[in-house]
Amino acid sequence: MHELSIAEEIINIANQYVPSDNKSEVLFVIVEVGKLSNILPDSLEFCFDALIGDTQLKGAKLIVKEIPATVECVDCGNISEIENVIFHCKKCESSKVKLIKGNELKVIEIEIND
Amino acid sequence: MSRLTIERKVLEKNDAIANDIRSSLKENNIFAINLVSSPGSGKTSLVEKTIEFAKGRIKIAVIEGDVQTDLDAQRIEALNIPVIQIVTNGACHLEAGLVRDAYYQLNKDTIELLIIENVGNLVCPSGYDLGEELKVVILSTTEGDDKPLKYPAMFRNSSILIINKIDLVPYTHCSLEKLRSNALSINPALIIFETSCTTGEGIDLWCNWLESQLKHQ
């Protein structure tokens, strides 16, 4: 249940980008969450909604873009998305793979009605 | 309507503090490990056994993380080892800020190995860098051989797997072979040790390996 502290950090970062004119309304906060980041999107959205209260982000919607785990094969160079998080190359079945996507936990952008 | 690009890591603050800790550890020639596992797999028992085995060979200090109580710190203190207890009051993982505050309470001149025992949880601690050299995941045989597949991030992000409670294998449905192959399918680079903190089996191999890492750092 660390989504609460993750939601707090997202709000802290997003708040730094909201213009201080009190006229702007933040519509969306967009984040990327990798499959291996151990974050449950529904739970993150719930925590975000609960925490924004009367802050500058009041009324904003959190949009979570889920990033599948993707590996690059060290042996044949093939790039493939993996399901069930079994680390092997889909083409040559080698287990020597580098994780190139799937650990993301990033605030990407905010959309403002100004 | 306008879009503002941010592109910042959510855990950037934690990572920055972890890097500060890492620099300080390096300056002081301290090797740090972050022990992670589910509750009850034997983290504190393994710390006790490591301390007993390494007595007179490695100078150890411990940072204990628990949701509540200082029971673990009391166990370590009884062995005359410097220990700082972090009580998270409900938080399911240690963060670098908490570890930094504990680390600065220790006398760095008298430490060669810092053991950070995380909160018992196979999910949340995997994403938080604490400045350690290695994450060491402990899995006990009573938990079952399927756990690496169910909690892949923890096993992928760890360098060492210690399979504990191997003395109990005859009383469980756990297959050590299956456990090892499941873990290696998530992380082929995992170095695996097998231990029993009750009989002491395998503790020597683990401690000798740990000592060799300290010499090579």
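Because the structure is a prediction, the values reported are computed rather than measured.

Caption draft 1: The arrangement of the overall build of chain A in detail. Broken down by element type, chain A carries two helices and six strands. Secondary structure elements of chain A occur, N-terminal to C-terminal, as α-β-α-β-β-β-β-β. The globule rule puts the C-alpha radius of gyration for 114 residues at 13 Å, and the 18 Å found for chain A is more than 25% above it. Projected onto the principal axes, the alpha-carbon positions of chain A cover approximately 55 × 30 × 15 Å. Expressed as a percentage of the 114 residues in chain A, the buried residues total 47%. Residue pairs at least 24 apart in sequence account for 69% of intrachain contacts in chain A once pairs closer than 6 positions are excluded. For chain A, the accessible surface area stands at approximately 5900 Å², while carbon and sulfur atoms represent 48% of it.

Caption draft 2: Representation of the packing of helix α1 (residues 3–15) of chain A against helix α2 (residues 41–52) of chain A. Residue and element names in this part refer to chain A. Interhelical geometry of α1 versus α2 gives an angle of 55° and a closest axis separation of 8 Å. Taken together, the axis directions place α1 and α2 in an arrangement best described as oblique. Crossing handedness for the pair α1 and α2: right-handed. Packed against α1, whose contacting residues are E3, L4, I6, A7, E8, I10 and I11, the element α2 presents S43, L44, C47, F48, L51 and I52 at the interface. Residues of the contact of α1 with α2, tallied by class, amount to ten nonpolar, one polar and two charged.

Caption draft 3: Main features of unusual backbone geometry. All names here are of chain A. For E93, which is not a glycine, the phi torsion comes out positive at approximately 70°. Position of E93 relative to the elements: it lies in the loop between β4 (79–81) and β5 (97–101). By relative accessible area, which is 61% here, E93 ends up exposed.

Caption draft 4: Here's a closer look at the interface of chain A and chain B. Listed as interface residues are 31 residues of chain A and, on the opposing side, 27 residues of chain B. Buried area between chain A and chain B, both sides added, is near 2700 Å², and the carbon and sulfur share of it is 55%. Contact with chain B buries area across many residues of chain A, yet Y17, N38 and F87 of chain A alone supply 19% of it, more than any other trio. Summed over the shared surface of chain A and chain B, the number is three salt bridges. A salt bridge links E7 of chain B to K106 of chain A; the nearest nitrogen and oxygen atoms lie 3.0 Å apart. Where chain A meets chain B, there are 16 residue pairs in polar contact (both at pLDDT 80 or more). Elements with a contribution of two residues or more to the side of chain A that touches chain B: α1, β1 (25–34), β5 and β6 (105–113) of chain A. Top element by residues in the side of chain A that touches chain B is β6 of chain A. It accounts for nine residues. Taken together, the residues of the side of chain A that touches chain B break down into 19 nonpolar, seven polar and five charged.

Caption draft 5: Fine view of the side chain of K147 of chain B. Residue and element names in this part refer to chain B. Mapped onto the fold, K147 is located in helix α5 (residues 147–150). Overall, the relative accessible area of 17% leaves K147 in the buried class. Leave out the neighbours within four places in its chain, and K147 touches L139 and F155.

Caption draft 6: Summary view of the confidence of the model for chain A. When pLDDT is averaged along chain A, the result is 93; 99% of the residues meet or exceed 70. Mean pLDDT in chain A bottoms out at β5 of chain A, which sits at 94, and peaks at strand β2 (residues 61–67) of chain A, which reaches 97.

Caption draft 7: Quick peek at the nonpolar core. Membership of the largest hydrophobic core comes to 29 residues, with the highest contact counts inside it found for I33, V62, L113 and W206 of chain B. Counting only elements with at least two residues in this core, the list comes to β2 (31–36), α2 (43–54), β3 (60–66), α3 (71–77), β5 (113–117), β6 (134–140), β7 (160–164) and α8 (203–216) of chain B. It is α8 of chain B that contributes the most residues to this core, six residues altogether. With near-sequence residues (within four places) excluded, V62 of chain B lies in contact with V47, I51, I76, I81, P82, V83, I84, L114 and I115 of chain B. In this structure, I10 and V18 of chain A together with L11 and Y128 of chain B belong to the second largest nonpolar core, which totals 28 residues.

About the thresholds
- Residues numbered from 1 in each chain as written.
- Chains lettered and ligands numbered in written order.
- Predicted model: local features only at pLDDT ≥ 70, side-chain atom pairs only at ≥ 80, totals over all residues.
- Heavy atoms only, no water.
- Helix = DSSP H or I, 4+ residues; strand = E, 2+ residues; numbered from the N terminus.
- Rg over C-alpha atoms; globule rule 2.2 N^0.38 Å.
- Buried < 20%, exposed > 50% of the residue type's maximum accessible area, 1.4 Å probe, protein only.
- Contact = heavy atoms within 4.5 Å.
- Areas by Shrake-Rupley, 256 points an atom, 1.4 Å probe, with all protein chains shown as cover.
- Axes fitted to C-alpha atoms, helices over the stretch in contact; angles between N-to-C directions.
- Parallel < 35°, antiparallel > 145°, perpendicular 65-115°, else oblique.
- Left-handed = near helix turned anticlockwise from the far one by under 90°.
- Nonpolar A, V, L, I, M, F, W, Y, C, P; charged D, E, K, R; others polar.
- Buried area = accessible area lost by both parts, 1.4 Å probe.
- Salt bridge = Lys/Arg side-chain N within 4 Å of Asp/Glu carboxyl O.
- Polar contact = N/O pair within 3.5 Å; in protein donor to acceptor, adjacent residues only side chain to side chain.
- pLDDT = per-residue confidence, 0-100.
- Core = buried A, V, L, I, M, F, W, Y, C linked by side-chain atoms within 4.5 Å.

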